[in-house]
Amino acid sequence: MAGKVFFSVSMSLDGFIAPESSEDLMGKQWMELQQWIFPLRFFRENLKLGEGGEEGRDNDIARETFERTGASVMGKRMFDAGEKMWPEEAPFHTPVFVVTHERRDPWERPGGTTFHFVNDGIETALDQAREAAGDRDVRIAGGGATILEYVNAGLVDEFSIALSPVLFGSGIRLFEGVDAARVALEPVRTEPSPRVTHLTYTVRER
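The following refers to the structure shown. (Residues numbered from 1 in each chain as written. Predicted model: local features only at pLDDT ≥ 70, side-chain atom pairs only at ≥ 80, totals over all residues. Heavy atoms only, no water.)

Taken in spatial order, the 9 strands of this open sheet run S5-S6-S4-S3-S7-S1-S8-S11-S10, and their pairing is mixed. For this open sheet the edge positions go to strand S5 (107-108) and strand S10 (183-192), each flanked by a neighbour on one side alone. Relative to strand S11 (residues 197-205), strand S8 (residues 158-164) is paired through 6 bridges, and the arrangement is antiparallel. Residue Ala-162 lies in a different strand from S11, and its bridge partner there is His-198. With respect to the sheet, helix H4 (residues 76-85) is in contact with strand S3 (69-75), strand S4 (95-99), S5, strand S6 (114-118) and strand S7 (137-142), its orientation differing from that of S3 by roughly 100 degrees. (Pairing = 2+ DSSP bridges. Helix = DSSP H or I, 4+ residues; strand = E, 2+ residues; numbered from the N terminus. Contact = heavy atoms within 4.5 Å. Axes fitted to C-alpha atoms, helices over the stretch in contact; angles between N-to-C directions.)

Rendered as structure tokens:
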């Protein structure tokens, strides 16, 4: 278990990572939140959108996040939304473990992504993801409630936020309900770019 457990998300300046309704994903606010990543060469390569795209530190960070990830964990809400929106070749290219009460056989997609459905909690899903990841890291992909469960359980080692200069006003807050009496953070680095500010922290028990 040499790898870390981490998450990496885009967040609005007022603390939101997604709209309240999954039907609003891909809406104007969400597109503004994610606007930093769409022009990147790596994003275009990974989704097979064609050649070209921007280089630079934003692109490096997106690529580094992908390359360090040996397996991902996500909640059912994120999977349900993604199942409708992801292309046939889903953009993970690793095993993905979905925390859910639904019983379902593994769903294999082209390009190396297989979704496994885990019915007995976040720790079991993480154990399976760690085994699949080997010496690479495990990414808690989302959504917000699933990330928070792992943070409050003391199972996250590190996280990165791409702080985007947009305001949501309402939606899903990243740290709504965090156990602040238990969780402490240590800054690792701050990297501004023309579109967002990348913030990285390690997580420790207070």
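With respect to the secondary-structure elements, Asp-58 resides in helix H3 (residues 57-68). Although Asp-58 is buried, it makes no salt bridge; Arg-195 carries the closest opposite charge, 4.8 Å away. Looking at Asp-58, its side chain comes within polar contact range of the side chain of His-198, at 2.7 Å. (Buried < 20%, exposed > 50% of the residue type's maximum accessible area, 1.4 Å probe, protein only. Lys, Arg positive; Asp, Glu negative; His and termini not counted. Salt bridge = Lys/Arg side-chain N within 4 Å of Asp/Glu carboxyl O. Polar contact = N/O pair within 3.5 Å; in protein donor to acceptor, adjacent residues only side chain to side chain.)

Here we come to the pattern of salt bridges. Overall, the coordinates contain 15 salt bridges when judged by the stated rule. Of the charged contacts in the structure, one is a salt bridge between Arg-57 and Glu-64, with a shortest N-O distance of 3.0 Å. The class of Arg-57 is partly exposed, set by a relative accessible area of 31%. Of the charged contacts in the structure, one is a salt bridge between Lys-76 and Glu-102, with a shortest N-O distance of 3.3 Å. One end of the pair, Lys-76, is in helix H4; the other, Glu-102, is in the loop between S4 and S5, with 26 residues separating them in the sequence. Among the residues examined, Lys-76 registers a relative accessible area of 24% and is labelled partly exposed. Counted as one network, the salt bridges with shared partners bring together Lys-4, Arg-68, Asp-137 and Glu-158.

Remember, this is a structural readout, not a statement about activity or role.
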